[in-house]
Structures are given as C-alpha cells and as structure tokens.
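So you can see what is in the structure, the chains are spelled out below.
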Amino acid sequence: MSKQTVMIIGLGLIGSSLARCIKKNHPNVWICGWDKSNETNKTAVENKVVDYLPESFEKAAQASDVIVLAVPVNTAQYYLKELSTIALKKETIITDTSSTKQEIVCTAKGYNLNFIGGHPMAGSHKSGIFACDENLFENAYYIFTPTKIEQENQVKQLEELFSGTRAKFVQLDPKEHDEITGMLSHLPHIIASGLVNQAEGFNQKHPRAKQLAAGGFRDITRIASSDPQMWTDILLSNRHVLLQMLSKWQKTTSQLSFWLENKDIEQIHRFFENAKEMRDHLPTDEKGSIPAFYDLFVDVPDRPGSIAEITSLLAKVPISLTNIKILETREEIIGVLQLTFKNEKDLTTAKMYIENKTDYHCRLQ
Ligand SMILES: NC(=O)C1=CN([C@@H]2O[C@H](COP(=O)(O)OP(=O)(O)OC[C@H]3O[C@@H](n4cnc5c(N)ncnc54)[C@H](O)[C@@H]3O)[C@@H](O)[C@H]2O)C=CC1
Ligand SMILES: O=C(O)C(=O)Cc1ccc(O)cc1
C-alpha cells in the first residue's frame, strides 16, 4: 500500500505547526505543502516541515488522502472552489483550520465536497512559518464540525492523524461553534483592539501614559497584536453573530454609564462581583478558548549580566520556557523581564529557583 499523503495548503503558523504534529506521531505520512509565498515554501522544505512541494496543484490534490486548508478564512473558500473542479480520490477528506465554521461548511456543501470543518482553538498573536510550534495545540480544544453521521469514521481518522497535537478533540454544530467563538474569541479581539485604539488618542494628549502602560492594560490587549487581515476576515465571516454581540456589549457600556451618572455603588459593585465570580471559576489548567499564559515578571536590577544570570539559571532546570521579553515600565530599574511558561507547574518551579538563587523580585503580574 502506498504511503498516506497529506496536502497542507497554507504553511503559516497553523499549517506548519500541524505539519510538525502529524510527523511526530506519523513519520511515514508523506506531507506535501502548498503556499503562495515562495519564501515560506523554501523555509518549509529546508526545515523539513513538509516532505515536498509539488509543481502541479491539481496532481498533488489528486494524490492526497487528506487535504488541510490552513489559509485565511476567505482564501479557504477559494480553495474549496478550486478543489471542486478536480477529480479527487473518492475517500479524500478535506478539512480546514479556519476560525469560523458556518460559512465554510455551507460552501463545501454547495460544492458537494467531502469536507469536515476543523478549528484548533489555540494559536498566538504571531503568524507565519517562523512562529511554527509543535506544542502549540497541546491541551487545547480542537473542534470538528461534521454535519453527517456518516462522517463519524472520518472524524476518527482525522483525530488519529492529528494525535500528535495532543489536543482535546470535540465536535460542535457549525452554528454553535460560531456563536461560542464569537463570544469567547472574536468579541474579545474587537474589545482589545478598541481599547488600544482609544489609548492611542489618549497617549497623544498624555505622552507619559504609554510608558506607564503595564499590568491589566498589557494583559487584556495582548491579542490586539494579531494579524489585522486575519481578523478582518474572521469578523466579516461571523458578522451576524458579532452584530448581536456588539449590540449587547453596547447595552453593557450604556448601563455602566447610567450607574456612574447616578453614583449607583451597589450596581457597580455587583458588576465587578459577578465578573470576578465567573472569572475565578474558569478552568485554568487548559488552553481552551481562553489561552493559558503563565507569566512571571522579574524586576531586573541595573547590574551587567543580570538577564543572562536568570536565563542561564533557568536553563539548568527541566522546565519549558516559551517566551522571554524585556519590558521597560519603571524608571529606577532597567526593566522587567517577562518569562512565559507552558504551564503553572513550570512557572512555580522557575519562581522558586529565581527567588532561592538570586535576590531578584518575582511577581505574577
Ligand atoms: N493564528 C491563530 O492563532 C489561529 C488561526 N486560525 C485560523 O487558521 C488559518 C491560518 O491562520 P495562521 O496560520 O495563523 O495564518 P498565517 O498568516 O500564519 O498563515 C497563513 C498562510 O497562508 C498562506 N496563504 C495566504 N493566501 C494563500 C493562498 N492564496 N494560497 C496559498 N497560501 C496562502 C500565507 O502565505 C501564510 O503562509 C486562518 O483561517 C485562521 O483564522 C485558527 C486557530 C488559531
Ligand atoms: O492568541 C490568542 O489569544 C488567540 O486568541 C489565538 C487564536 C486566534 C484565532 C483562533 O481562531 C483561535 C485562537
């Protein structure tokens, strides 16, 4: 029997990370990559993210057992149309990674394609192949949106193929998927970007504000650094759901204005109390739709080599440090080192190590 062939269209953050996950558990699967960017294609082959780049899109699609669309939402629609004109193998499964599901599932149905919508609910504000991370999906939810009972077996095949993601596979109806992600992912992106935009005007009037931006503002606006084109596509694709959510959000802000005008202490307190109650009971040990980022902030003193001291100290400990960033927020110190870990255990171990072996001050926010 010939090797199973998987074609991945779009080798950016999600496509390249998925390719690595497939290879991890299925080294014999033959992965063929297709991206519009020559540089990305070159990087993918050089780093063995994919096995080969075909010359003919049509021939590659015909030879594939699974085709993964890991391109922007609108582009995925275009590829469905292309694939509908090609005589694929009867059993070939087409899946995607798009952040919205109703539109694409409907398009695929229109073309009578053997399509199973997919959405790994993990990612990053980074994009492109250089952000490739084979641990990106670990413990995150990976949603499939099959629409026919007969697809059950094919969902199992995809789960097996993607088992290297170590994600938690779940199934949702496409409409429910878009409502949930609208609430938990798309609306938060709108609000985060709105806050940053509002602060931009404010900063012009108060130049020192930017320097002081830290803590809460930084935390809740991280996702505003995401790719603008990707989010334009997502919003337009889920516009019906988001229009309803934005209208509800407007009611929330009007309500707050009203309480403030009337100095309604009780209502304002209840507003924060409700939110705290809900937030405190969210699961914390999984990525889910609210990505878990385990950050440790270390105040770095004005001493040469202090950053190197911390990083070399952590290199001796078996923990997974996923990101290091230097934040300059206070004038009396060089800055604050933001260390991001994969999980809470690693964060706690690192904090203990730094506190035991140095005199640097560690904070969780
Ligand atoms: N970034 C994230 O955190 C997540 C993104 N998604 C979804 O996954 C999909 C891919 O997102 P990312 O990998 O983050 O984006 P990305 O920007 O990192 O990668 C997209 C890739 O598609 C390629 N591409 C664009 N147009 C193309 C075309 N016409 N033909 C071939 N290749 C083309 C680009 O060159 C790029 O390499 C999107 O639909 C996004 O909504 C899903 C979960 C998380
Ligand atoms: O970086 C973050 O916090 C994200 O929100 C990542 C993300 C982006 C798009 C998705 O469809 C799912 C997850």
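Predicted, not measured: the structure shown is a model, and the values here were computed from it. (Residues numbered from 1 in each chain as written. Chains lettered and ligands numbered in written order. Predicted model: local features only at pLDDT ≥ 70, side-chain atom pairs only at ≥ 80, totals over all residues.)

Asks: When you look at the site of ligand 1 in this model, what are you seeing that I'm missing?
Replies: Lining the immediate environment of ligand 1, one finds 28 residues, of which Gly-10, Gly-12, Ile-14, Gly-123 and Ser-127 sit closest. The biggest single contributor to the shell around ligand 1 is helix H1 (residues 13–25), with three residues. Considered class by class, the residues forming the shell around ligand 1 number eleven nonpolar, 14 polar and three charged. Mapped onto the domain boundaries, the shell around ligand 1 takes at least three residues apiece from domain 1 (5–172) and domain 2 (177–280). (Near = placed C-beta within 6 Å. Helix = DSSP H or I, 4+ residues; strand = E, 2+ residues; numbered from the N terminus. Nonpolar A, V, L, I, M, F, W, Y, C, P; charged D, E, K, R; others polar. Domains from an automatic or database assignment.)

Asks: Just to check I follow, could you spell out the sheet that holds strand S11 (residues 361–363) for this structure?
Replies: Adjacent strands of a sheet form backbone hydrogen bonds with each other and so pair up, either parallel or antiparallel. Spatial strand order, S9-S10-S8-S11: four strands in an open sheet with antiparallel pairing. Every other strand in the sheet has two partners, leaving strand S9 (321–327) and S11 as the edge strands with one partner each. Adjacent strand axes in the sheet meet at a mean angle of 20 degrees, parallel and antiparallel pairs treated alike. The strands touched by helix H13 (residues 306–315) within the sheet are strand S8 (294–300), S9 and strand S10 (335–341), with S8 carrying the most contacts at an inclination of about 140 degrees. Each of S8, S10 and S11 is contacted by helix H14 (residues 344–357), which is oriented at about 15 degrees to S8, the strand it contacts most. (Pairing = 2+ DSSP bridges. Axes fitted to C-alpha atoms, helices over the stretch in contact; angles between N-to-C directions. Contact = placed C-beta atoms within 7 Å.)

Asks: How should I be thinking about unusual backbone geometry in this particular structure?
Replies: Glycine aside, the phi torsion of most residues is negative, and most peptide linkages are trans. Even without glycine at this site, Lys-48 takes up a positive phi of about 55 degrees. Mapped onto the secondary structure, Lys-48 falls in the loop between helix H2 (38–46) and helix H3 (57–63). Overall, Lys-48 belongs to the exposed group, with 11 C-beta atoms counted inside 10 Å. A positive phi angle, close to 60 degrees, is found at Asn-112, a residue other than glycine. (Buried ≥ 20, exposed ≤ 12 C-beta atoms within 10 Å, placed from the backbone.)

Asks: What is the right way to read the domain arrangement of the chain from this model?
Replies: Often, the extent of an interface is quoted as the loss of accessible area on bringing the components together. The domain architecture assigned to the chain consists of domain 1 (5–172), domain 2 (177–280) and domain 3 (294–363). Taking only C-alpha atoms, the centre of domain 1 and the centre of domain 3 are 37 Å apart.

Asks: Sorry if this is basic, but what is going on with the sheet that holds strand S1 (residues 5–9) here?
Replies: Taking strand neighbours across the sheet as the criterion, the seven strands line up as S2-S1-S3-S4-S5-S6-S7 in an open arrangement whose pairing is mixed. Two strands lie at the open edges of the sheet, namely strand S2 (30–34) and strand S7 (168–171), each paired on one side alone. Neighbour-to-neighbour, the strand axes of this sheet turn through a mean angle of 25 degrees, independent of strand direction. Bridging between S1 and S2 involves five bridges; their strand directions are parallel.

Asks: Looking at this structure, how should I read the packing of helix H7 (residues 174–205) against helix H11 (residues 239–261)?
Replies: Geometry of a packed helix pair, given as the angle between the helix axes and the separation of the axes. One can describe the packing of H7 onto H11 by two numbers: an axis separation of 10 Å at closest approach and a directional angle of 55 degrees. Of the possible angle classes, the one that applies to H7 and H11 is oblique. Here the hand of the crossing between H7 and H11 comes out right-handed. Mapping the contact onto sequence places Asp-178, Glu-179, Gly-182, Met-183, His-186 and Leu-187 in H7 and Val-241, Leu-242, Met-245 and Trp-249 in H11. (Parallel < 35°, antiparallel > 145°, perpendicular 65-115°, else oblique. Left-handed = near helix turned anticlockwise from the far one by under 90°.)

Asks: Where do I start with helix H4 (residues 73–84) in this structure?
Replies: Three or four residues apart is the spacing at which side chains of an α-helix point the same way, because the helix has 3.6 residues per turn. Over its twelve residues, H4 extends 17 Å from the first C-alpha to the last, a length consistent with the 16 Å expected when each residue adds 1.5 Å. All buried positions along H4 are accounted for by Val-73, Ala-76, Gln-77, Leu-80 and Leu-83. Buried residues of H4, viewed axially, fall in a sector of 125 degrees; they line one side. Contacts made by the buried residues of H4 are with H3, strand S3 (66–69), strand S4 (93–96), helix H5 (102–110) and helix H10 (228–237). (Expected span 1.5 Å × (residues − 1). Arc of directions from axis to C-beta.)

Asks: Before we go on, may I ask you to explain the environment of Ile-326 in this structure?
Replies: Summarising the element assignment, Ile-326 is placed in strand S9. The spatial distance from the C-alpha of Ile-326 to the C-alpha of Phe-169 is 36 Å, given a sequence separation of 157 residues. Leave out the neighbours within four places in its chain, and Ile-326 touches Gly-335 and Leu-337.

Asks: For this particular structure, what's the right way to read the nonpolar core?
Replies: Burial of nonpolar side chains together is a common tendency in soluble globular proteins. Core analysis: the biggest nonpolar cluster contains 51 residues, and Met-7, Ile-8, Ile-9, Leu-18, Ile-67 and Val-68 have the highest contact counts within it. When residues in this core are grouped by element, the largest group, six residues, is from H1. Not counting residues up to four positions away in its chain, the partners in contact with Leu-18 are Ile-8, Val-68, Ala-70, Thr-97 and Phe-162. Val-298, Leu-339, Leu-347 and Ala-350 belong to the second largest nonpolar core, which has ten residues in total. (Core = buried A, V, L, I, M, F, W, Y, C linked by C-beta atoms within 7 Å.)

Asks: Sorry, what's going on with the environment of Phe-217 here?
Replies: On the secondary structure map, Phe-217 appears in helix H9 (residues 215–221). Under the C-beta neighbour-count criterion, Phe-217 is labelled partly exposed, with 13 such atoms within 10 Å. Taking the C-alpha atoms as reference points, Phe-217 and Val-196, separated by 21 residues in sequence, lie 8.7 Å from one another.

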